[in-house]
Amino acid sequence: MTPRSEAPDKDVFGEREPLREVVSNLPHRPGVYRMLAADGSVLYVGKARDLKKRVASYFQKTSSLEARIQVMVARIESIETTVARSESEALLLENNLIKALAPRYNILYRDDKSYPYLMMTGHAYPKLGFHRGALEKPHRYFGPFSSAGALRESIQLMQKVFRLRTCEDTVFSNRSRPCLLHQIRRCTAPCVKLIDEARYAEDVRDAELFLRGRDGEVMQRLEQRMESAALAQNYEDAAVFRDQIQALRAVRQRQFVSGDERMDADVVALVEINGALCVNLVSIRNGMHHGDKCFFPEHAEGYDAPQALEAFIAQHYLERDVPALIVLNQEIDTEVLANALSEQAGREVTLTARTSGDRRVWVNMAQTNARLALEQRLSMHSTQESRLEAMQQALGLPASAQRIECFDISHTLGEATVASCVVFDGGSMQKSQYRRYNIAQAKAGDDYAAMREVLDRRYRKIVGGEWVLPDLILIDGGKGQVSSACEVMNELGLSEIPLAGVSKGEERKAGMEQLIIPGRPESLRLGPDHPGLHLIQKIRDEAHRFAIEGHRGRRAKPRRTSKMEGIPGVGPKRRQKLLAHFGGLRGVAAASLDELAQVEGINRALAERIYAELH
């Protein structure tokens, strides 16, 4: 959007006269601007080489502005600006604000997780490991990898070639015999000293050389070691080196994508289909393919492909490791981005869309991955839309009904009861909005009371304005659970929200579910092939999974500690004597007062205290 004039049109402001004054007094300096709505929420964050020209361009009386921008401008009630020293500094600040505020009219790429690294620890016998987070000495790190799956695959390949340990330090320190990985030739068993430290260090050095792209040097070292072992008539060791060379050749053929073994580059390809966007990122480090990852932007309506690609580069790389070369599948304005990334990396960073040879192969591969991922996503979204429409028709819901909340209860004979609430909205499951509730007031095993408790806790907050009202509430259960749910919703004054119970029916087979709907004399059965039932099943199964996961975690928590740990006067030594004397906690609990008092170090008063705590 190119500004035509510095003078904003008065008619555009209407009654927002203070806003016109703010725009008129902006400086001709680089910086960041924030457009705010009447409620104080941030509508849009942008950067500018010239704040006054850029912000004034939004308020020209012209139809050249996109419809999305016109809607946004009509909602602006105030503008905040921050002056920066340079456009590069403004770009960094803009990126930070977009990630922190998630404005409605900014394109946003969600990528909250840090990228994984392959870690080589600094122990005498270093281990290969998966690492996220800060990089600490004396460990060595290789990466980053674009996905956890690509890193785990690389670790498996490294095990096959170099046979380094991957076990935890506690396991390594306490083994008395080799584990299964040694038996299948994936580890040399340094835990039981089947390989000396010097020989293991050689394997570690070879692994590091390979990870740094110097695989030719590794091949030469292995060939020399194989020949030396053969000359010494140590044929078993020679065979091991031969197998390593063959495995390394197979890995190299599979992993390397360039004749330049030291190449560090990212390939970024953006594909658009019917207004939907997908970015595929391919990571290449030391000439090796480190995997790829797809990103689907939010709030992308009205953005063209170059704008979306430029936004991805800024949001993804600023304040993150960046390679020396970023290859793009289309031309964008790279000057400001390249300067900002070079300044951040402390070296030159090149962004280019000029491709030939290997680079063209990389770009074609990334474009194909992005197109396939986007087609699959659109297909799934279309399927979800048809399922949602079928469910709306079957239940008599309006076409605007989008948000569905589903509840389930999980326990084992009344122990550790947990309720789950999962949310389906916007055509997909919204995992960030899932919630679990530990049931404390309802009597153990009373599913009806548990359902009343969780619904009261959930929707009392909605009455208080903390949550969004759902368009439909699903209950995993029959008439009893639905009746309990109706009582709660009536008490809270939310009886207008549609509600349905999902009962498995007498045969408890998938596709035979019955929908219990308040006010209907008979249950509704949609049939196993009904697309609306498929959506209900998916949401119900997710609520069931989420509830069971929470229940198992809650049930396992007290079992990780002994009941005797909280008894005053019973320390580790007395606890050990009691467990050894009676053969475990169950034996201690079954013992009488006299039997407890017979244990060394346990007097009558302490025995009574132990007995009372365990009963």
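Just so it is clear, the model here is predicted, and its values are computed rather than measured.

Broken down by element type, the protein carries 21 helices and 18 strands. The buried share among the 615 residues of the protein stands at 46%. For the protein, restricting intrachain contacts to residue pairs at least 6 apart in sequence, the fraction spanning at least 24 positions comes to 61%.

Tracing the backbone shows Gln 384 in helix 14 (residues 358-395). The buried category is assigned to Gln 384, whose relative accessible area is 8%. Leaving out residues up to four positions away in the same chain, Gln 384 has contacts with Phe 424, Gly 427, Leu 535 and Lys 538.

Glancing now at the nonpolar core. Met 35, Met 72, Val 268, Ile 313 and Ile 326 are the most contacted members of the largest nonpolar core, which totals 53 residues. Per element, the largest residue contribution to this core is eight residues, and it comes from helix 12 (residues 305-317). Ignoring sequence-local partners within four residues, the contact set of Met 72 consists of Met 35, Leu 43, Tyr 44, Tyr 58 and Tyr 105. In terms of nonpolar packing, the next biggest core, distinct from the first, is built from 29 residues, Phe 142, Tyr 200, Phe 210 and Leu 222 among them.

Looking now at the environment of Asp 408. You can see Asp 408 is positioned in strand 12 (residues 404-412). Contacts of Asp 408, omitting those with residues within four sequence positions, involve Val 418, Ala 419, Ser 420, Asp 476, Ala 543, His 544 and Ala 547. Polar contacts involving the side chain of Asp 408 include one to the side chain of His 544, which spans 2.8 Å.

On to the pattern of salt bridges, then. Here the structure, examined in full by the defined rule, presents 21 salt bridges. Here Asp 456 ties to Arg 460 by a salt bridge, and the two come within 2.7 Å at their closest N and O atoms. On the criterion of helical spacing, the pair formed by Asp 456 and Arg 460 is a turn pair, its members being four residues apart in helix 15 (residues 447-463). Residues joined in a network through salt bridges with shared partners are Arg 403, Glu 405, Asp 425 and Arg 458.

A few words on the sheet that holds strand 3 (residues 78-83). Here we have three strands laid out as an open sheet, ordered 2-1-3, and antiparallel in their pairing. This sheet does not close on itself; its edge strands, each paired only once, are strand 2 (42-48) and strand 3. Recorded for the sheet is a direction-independent mean angle of 15° between the axes of neighbouring strands. Looking at chain direction, strand 1 (residues 31-36) and strand 2 are connected through six bridges and run antiparallel. Pairing of Tyr 33 across the sheet is with Gly 46, part of strand 2. The strands touched by helix 5 (residues 87-101) are strand 1, strand 2 and strand 3; relative to strand 2, the strand with the most contacts, the crossing angle is about 165°.

What the rule picks out here adds up to zero disulfides. The thiol of Cys 179 is unpaired, and the distance to the nearest cysteine sulfur, on Cys 187, comes to 5.6 Å. Summary of cysteine pairing: Cys 421 is not part of a disulfide, and the nearest cysteine sulfur, belonging to Cys 406, is at 8.2 Å. Judged by its relative accessible area of 0%, Cys 421 is buried.

Spatially, 5-4-6 is the arrangement adopted by the three strands of the open sheet, whose pairing is antiparallel. Where the open sheet ends on each side, the last strands, each with one partner, are strand 5 (128-131) and strand 6 (140-142). Strand-to-strand twist across the sheet, computed as the mean angle between neighbouring axes with direction ignored, equals 35°. Alignment of strand 4 (residues 117-120) against strand 6, held across three bridges, turns out to be antiparallel. Within the sheet, the bridge partner assigned to Leu 118 lies in strand 6 and is Phe 142. The strands that helix 6 (residues 148-162) touches are strand 4 and strand 5; relative to strand 5, the one it contacts most, it runs at about 175°. Running over the sheet, helix 9 (residues 197-211) touches strand 4 and strand 6 and is turned about 155° from strand 4.

Mapped onto the elements, Tyr 33 comes out in strand 1. Aside from chain neighbours lying at most four places away, what touches Tyr 33 is Tyr 44, Val 45, Gly 46, Lys 47, Ala 48, Leu 51, Arg 54, Val 55, Tyr 58, Glu 80 and Thr 81. A polar contact of 2.6 Å, which involves the side chain of Tyr 33, links it to the side chain of Tyr 58.

This brings us to the packing of aromatic side chains. The tally for this structure, following the rule as stated, stands at 10 aromatic pairs. Geometrically, the ring pair formed by Tyr 125 and Phe 172 is tilted, given 6.0 Å between the ring centres and 50° between the ring planes. Of this pair, Tyr 125 sits in the loop between strand 4 and strand 5 while Phe 172 sits in helix 7 (residues 169-173), and the two are 47 residues apart along the sequence. Pairing Tyr 434 with Phe 546 gives two aromatic rings, centres 5.1 Å apart and planes at 70°, and the pair type is edge-to-face. With Tyr 434 in the loop between strand 14 (428-429) and strand 15 (435-438) and Phe 546 in helix 17 (residues 531-559), the pair connects residues that are 112 residues apart, well separated along the chain. Judged by its relative accessible area of 7%, Tyr 434 falls in the buried class. Ring pairing ties together the aromatic residues Tyr 33, Tyr 44 and Tyr 58, which thus form one cluster.

Now for helix 9. Taking 1.5 Å of rise per residue, 15 residues should cover 21 Å, and helix 9 covers 21 Å from first to last C-alpha, within 8% of that figure. Every buried residue of helix 9 is listed here: Tyr 200, Asp 203, Val 204, Asp 206, Ala 207, Glu 208, Leu 209, Phe 210 and Leu 211. With a side-chain oxygen lying 3.2 Å from the backbone nitrogen of Ala 198, the N-terminal cap of helix 9 falls on Asp 196.

Averaged over all residues, the pLDDT of the protein equals 82, while 90% of them reach at least 70. Highest mean pLDDT in the protein belongs to strand 16 (residues 472-476) (93); lowest belongs to helix 1 (residues 10-13) (57). In the model, residues 1-6 has pLDDT below 50 throughout and makes 14 contacts with residues more than four positions away in sequence or in other chains. In this model, residues 254-261 is a region of pLDDT below 50 whose contacts with residues beyond four sequence positions or in other chains number 31 contacts.

Calculation criteria
- Residues numbered from 1 in each chain as written.
- Predicted model: local features only at pLDDT ≥ 70, side-chain atom pairs only at ≥ 80, totals over all residues.
- Heavy atoms only, no water.
- Helix = DSSP H or I, 4+ residues; strand = E, 2+ residues; numbered from the N terminus.
- Buried < 20%, exposed > 50% of the residue type's maximum accessible area, 1.4 Å probe, protein only.
- Contact = heavy atoms within 4.5 Å.
- Core = buried A, V, L, I, M, F, W, Y, C linked by side-chain atoms within 4.5 Å.
- Polar contact = N/O pair within 3.5 Å; in protein donor to acceptor, adjacent residues only side chain to side chain.
- Salt bridge = Lys/Arg side-chain N within 4 Å of Asp/Glu carboxyl O.
- Pairing = 2+ DSSP bridges.
- Axes fitted to C-alpha atoms, helices over the stretch in contact; angles between N-to-C directions.
- Disulfide = S-S within 2.5 Å.
- Phe/Tyr/Trp six-rings, centres within 6.5 Å; stacked < 30°, edge-to-face > 60°.
- Expected span 1.5 Å × (residues − 1).
- pLDDT = per-residue confidence, 0-100.

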